[in-house]
Amino acid sequence: MRTGSEPITARSPLRMRMWLGVWGLLWTVGGTIAFALVERPGWAAACGVLFLVVAVDLVLVMRHIRQGPHYQPGRDVPPYEPDHG
């Protein structure tokens, strides 16, 4: 049932995003090292830039997690206002 308040009560899977970010950090570090060892500086730089993007995203996700339930309601908070009619 749609109530029209979805933007206010929307939930974000921040913990899943955090673990995907960690996975992305591991892959970008590995890619940067591997491409640097095989002397592909362009690809190594691309992986380095992608590492920075993932690291910034991870910092923002951690910040939102630490800010608590205002940004990520717990499971006891219903996703929408119950129908009173």
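The sections below set out a description of the structure shown in this document. Model, not experiment: these values are computed from the prediction.

So, the environment of Gly 21
Stage number 1. Locating Gly 21 in the fold gives a position in helix α2 (residues 14-37).
Stage number 2. Residues Gly 21 and Val 53, 32 residues apart in the sequence, show an inter-C-alpha distance of 9.8 Å.
Stage number 3. If sequence neighbours within four positions are ignored, Gly 21 has contacts with Val 54 and Leu 58.

Observations concerning α2
Stage number 1. Relative to the 34 Å expected for 24 residues at 1.5 Å per residue, α2 spans 34 Å between its end C-alpha atoms, a close match to the ideal helical length.
Stage number 2. Among all positions in α2, only Leu 14, Met 18, Gly 21, Gly 24, Leu 25, Thr 28 and Gly 31 are buried.
Stage number 3. Where the residues of α2 are buried, they touch α3 (41-66).
Stage number 4. Just downstream of α2, Glu 39 is the residue with a positive phi angle, here 60°.

Conventions and cut-offs
- Residues numbered from 1 in each chain as written.
- Predicted model: local features only at pLDDT ≥ 70, side-chain atom pairs only at ≥ 80, totals over all residues.
- Heavy atoms only, no water.
- Helix = DSSP H or I, 4+ residues; strand = E, 2+ residues; numbered from the N terminus.
- Contact = heavy atoms within 4.5 Å.
- Expected span 1.5 Å × (residues − 1).
- Buried < 20%, exposed > 50% of the residue type's maximum accessible area, 1.4 Å probe, protein only.

Treat this as a map of the structure, not an account of what it does.
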